Amino acid sequence: MAYRKTVASLVAAAALMGTSAASYAATDITWWHAMGGKLGEVVNQISTDYNASQDACSLTPVYKGGYEDTLTAGIAAFRAGEQPNIIQVFDAGAATIIGAKGAVEPVEDLLKANGVPFDIEDYIAGVRYFYADSDGKMIGMPFNSSAPILYINDDAMKKAGVEAPKTYEEFEAIAPKLKEAGYIPLVQSHLPWEFVENFKSRHDLQFATNNNGYDGATGTELVFGEPIKNHFTAAKKWLDEGLFGYYGTGWGDNQQPFNEGKVALWIGSSGSFGGIADTVDFPFSATFLPYWDAVEGANTASFIGGAALFAMSGKSDEENKCAASFFEYLTSPEVQYMWHRETGYVPVTEAAYELAKKDGHYERTPAAEVGIQQLSLPAGEWTKGYRMGFYVQIRDVMNRELGKVFSGETSVEDAFATIKADGDKLLSRFAKTIDN
Amino acid sequence: MWRACPGNRKARYVVRGEAMKKVQFNTPAIPYLLLFPQIAIVAVFFLWPAAEAVRSSFYLEDPFGFGSTFVGFDNFIDTVTSTNYARVARFTGVFTFLVTVLSLGAALLLAVKADKVLRGASSYKTLLMWVYAVAPPVAGLIGILLFDQHVGPIVKFVAMFGWHMQIGVDYYDTAFAMIIASVWKQIPVNFIFFLSGLQGISKSVQEAASIDCRSGFRRFWTVTFPLLAPTGFFLLIINITYALFDTFGIIDVVLKTEPGNNPVTLVYKVYLDGFRGNDLGGSSAQSVLLMLVVFILTIIQFRLIERRVHYT
């Protein structure tokens, strides 16, 4: 860990030295993000373009490691009074940073105070309220938004003579044929996100009390009904029959067999699109995350995954003005379209989506549109999102217990009982940290 | 009379050192002055953080530091009553025991054999020692490559014997990989110390013993091993500490920071809850418990075990 941080800080220091010379009059602002590799290059490109587009502000992006590392670094810096102006925080960390009253300037307030026009209706429906408070005020600016979608190995479909499934019932019908054709029929890549959270959203099922946690941390408890237990009972059966593959908690371990052409259907992120297109040597397509037709009211929009940008508090007015100006730049249709095109993350505004359509992006690459279409499906009562604290640990509990289900160490019923017990305990502990 | 094969009675060879000369400073200030840097370092890097950990273990605090609630012993109660904590503690015990025993045992065997090598001794020793220079995360990385569930050569090898090894999916397979990587990383340190310990045993004692006793195996247990005891005791402490704390890097790389349904040690759990989950109170309570464990362990080691060890 330590060596990675050292390298990261050396790179950051070098980046700071490189930019400070060029920008004395401009106000310097920093942006801590968690976008590595190809995504990091696009982030750097956006920052360079932004700095070139105006003279008043100079933005320095700093890569701080993974999502958890970035949030932890931001917290440590905040306590030391050295927080960055803008920090990228992922979905599971949203409750932590929003719950800490006074850690951030709500993005809606920040934009309005600095004369940037803001209308929450400009944002596409699926991303609008995930990082908002219970009154619908936007706190964090949705940045890299993704949806879990089903990637399809077209060769496998052809070989087995089947069509890609829309529902899990259809999957059950075709899975034996895919297996016969020599493929592992289905693999997922992130159990909490794809099989729990978005199982809830795709079936419009309540995830937690207190309006999925948005109405306050005190008394929030997880809700697990029959549908999700049935789903895991089915998944365990598929696993035992060789119709489903499970390779642990690591994302890459589960993606690799699909990339190698061994897997027929893989549930990944809409943001995985660019990477897959570069890697695989078979034709592939994508469709919506499947749902159980048997569950009434299913086929609703999914939650957004990914992360949002937060403006941290305790900064001068000039710096806040620059943060607002960067947010304005970032949400402009051209920049959003570029981000969408280069990375596969969905554009966050309607205008950017229109621009991508007009440009013919989806005629060239139809799979790129699946994510945003899924987020634009009819909303339900429970599809807005969820807000739960210590959520990283709750996800760890899910991974642990659901992993035990797949390895046969526990039953589905017991696993969800433990997830609820441990999760509720974490939620009530979190409530004590903020509601006092 | 020297008896290296004393039947049922065990003989001890104790070489007494010269009585220590008494040395004293002229002014009482100088020793304190000389000690000051060390004490300052201990205070800043251990006492202060430790006190901070004890303080925050009694609070539930929002990570950004806006609010904190005094919760008494709730953090400790939540920790020890959690079923997962018991599971993690059990694994830590087993892990520490196995890593210590295996790495000490393997290193001792290698050192005894290396001590007897006459030709090419230095290249043989270098080959055994080089792993010492490998950083723990790198050791973990090499381990993860060897044990990778898709391409790892070890996984492919054991598959020939029908063992479907899946690191990261199967709890015991992951534990196996962690233990192997940790032992592999620690053997060279132990080897170096054991070898120098062996070379410190005087030739005359060894010759006398070999006149008395023909069985090399018994000679080892009655003469060499007791004389190695101080080294062994030192290494025992070092290895327990290593298995408890320094294996963090290996575990982190094997798990790719996603614990899932995999074994973790108590130290790694402190990291997961505190730095990944931002639960400062719970994490502090766990580290205070860990501090107590180390404290008790230290007392046991020095009170009970050291009495049986003779320093030359």
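With that settled, consider the domain arrangement of chain A. Residue and element names in this part refer to chain A. Segmentation of chain A into domains returns domain 1 (2-146 + 304-375) and domain 2 (148-302 + 389-434). Contact with domain 1, which involves 25 residues of that partner, is made by 25 residues of domain 2. Only α4 (94-99), β5 (141-146), β11 (305-312), α15 (333-343) and α18 (370-375) provide two or more residues apiece to the side of domain 1 that touches domain 2. Tallied by class, residues from the side of domain 1 that touches domain 2 come to nine nonpolar, 13 polar and three charged.

Taking 1.5 Å per residue as the helical rise, helix α12 (residues 280-305) of chain B with its 26 residues ought to reach 38 Å, and the 36 Å between its terminal C-alpha atoms agrees with that figure. Turning to α12(B), its buried residues number three or more, namely L280(B), G281(B), G282(B), S283(B), S284(B), A285(B), Q286(B), S287(B), V288(B) and L290(B). Along its buried surface, α12(B) packs onto α20 (412-434) of chain A together with α1 (29-56), β1 (59-61), α2 (74-81) and α11 (266-276) of chain B.

We now examine the interface of chain A and chain B. With 36 residues of chain A in contact, the opposing surface of chain B contributes 32 residues. Broken down by secondary-structure element, the contributors of at least two residues to the side of chain A that touches chain B are α3 (67-79), α4, α12 (251-259), α19 (391-406) and α20 of chain A. Considering each element in turn, the side of chain A that touches chain B owes the most residues, seven residues, to α19(A). Tallied by class, residues from the side of chain A that touches chain B come to twelve nonpolar, 14 polar and ten charged.

All names here are of chain A. The buried fraction of strand β1 (residues 27-33) is high, at five of seven residues. Bridge count between β1 and strand β2 (residues 57-63): seven bridges; the pairing is parallel. For D28, the partnering residue across the bridge sits in β2 and is S58. Handedness of the crossover joining β1 and β2 through helix α2 (residues 37-53) is recorded here as right-handed. Across two bridges, the pairing between β1 and strand β3 (residues 86-90) is parallel.

Residue and element names in this part refer to chain A. Counting buried residues in β5 gives six out of six residues, a clear majority hidden from the surface. Relative to β11, β5 runs antiparallel, the two sharing five bridges. The residue of β11 that forms the bridge with N144 is A307.

With that settled, the discussion passes to the environment of G297(A). All names here are of chain A. Relative to the elements of secondary structure, G297 occurs in the loop between β10 (284-288) and β11. A C-alpha to C-alpha distance of 39 Å links G297 and K38, two positions 259 residues apart in sequence. Not counting the four nearest positions on each side in its chain, G297 is found in contact with D204 and G380.

Once that is clear, we can look at the confidence of the model for chain B. All names here are of chain B. In the predicted model, chain B carries a mean pLDDT of 85, and 91% of its residues have values of at least 70. Scored below 50 in pLDDT, residues 6-18 makes 13 contacts in the model with residues more than four places away or belonging to other chains. Confidence estimates for the predicted assembly give a pTM of 0.86 and an ipTM of 0.83.

Let us look at the sheet that holds strand β7 (residues 184-187) of chain A. In a beta sheet, neighbouring strands pair by backbone hydrogen bonds and run either parallel or antiparallel. Ordered in space as β8-β7-β9-β6-β10 (chain A), the five strands form an open sheet in which the pairing is mixed. One side of each edge strand has no neighbouring strand; the edge strands of this open sheet are β8 (244-245) and β10 of chain A.

One finds V89(A), L150(A), F310(A) and A323(A) to be the most contacted residues of the largest nonpolar core, which totals 139 residues. No fewer than three residues from each of domain 1 (2-146 + 304-375) and domain 2 (148-302 + 389-434) of chain A sit in this core. Membership of the second largest hydrophobic core comes to 44 residues, among which are L108(B), I144(B), I251(B) and L266(B).

In this section: helix α16 (residues 350-358) of chain A. Residue and element names in this part refer to chain A. Of all the residues in α16, the buried ones are A352, Y353 and A356. Here the buried residues of α16 occupy an arc of 100° about the axis, which is enough to place them on one side. Buried-residue contacts for α16 involve α15, α17 (361-364) and α18. Downstream of α16 by one or two residues, G360 has phi in the positive range, about 80°.

Residue and element names in this part refer to chain B. Close contact between helix α3 (residues 83-116) and helix α9 (residues 216-246) brings their axes to 9 Å; oriented N to C, the two are set at 135°. In terms of axis orientation, α3 runs oblique to α9. Note on packing geometry: the crossing formed by α3 with α9 is right-handed. On the side of α3, the interface is formed by F95, T96, V99, T100, S103 and L104, while α9 contributes L235, L236, N239, I240, A243 and L244. When its residues are assigned to classes, the contact of α3 with α9 shows eight nonpolar, four polar and no charged.

Our focus in this paragraph is the environment of V254(B). All names here are of chain B. Here V254 shows up in helix α10 (residues 248-255). The exposure class of V254 is buried, given the 24 C-beta atoms found within 10 Å. Separated by 73 residues in sequence, V254 and A181 have C-alpha atoms that sit 9.3 Å apart. With sequence-adjacent residues up to four places away left out, V254 is seen in contact with G140, G143, I144, I167, T174, A177, M178 and A181.

Basis of the calculations
Residues numbered from 1 in each chain as written. Chains lettered and ligands numbered in written order. Predicted model: local features only at pLDDT ≥ 70, side-chain atom pairs only at ≥ 80, totals over all residues. Domains from an automatic or database assignment. Contact = placed C-beta atoms within 7 Å. Helix = DSSP H or I, 4+ residues; strand = E, 2+ residues; numbered from the N terminus. Nonpolar A, V, L, I, M, F, W, Y, C, P; charged D, E, K, R; others polar. Expected span 1.5 Å × (residues − 1). Buried ≥ 20, exposed ≤ 12 C-beta atoms within 10 Å, placed from the backbone. Pairing = 2+ DSSP bridges. Right-handed = clockwise from strand over helix to strand, strands pointing away. pLDDT = per-residue confidence, 0-100. Core = buried A, V, L, I, M, F, W, Y, C linked by C-beta atoms within 7 Å. Arc of directions from axis to C-beta. Axes fitted to C-alpha atoms, helices over the stretch in contact; angles between N-to-C directions. Parallel < 35°, antiparallel > 145°, perpendicular 65-115°, else oblique. Left-handed = near helix turned anticlockwise from the far one by under 90°.

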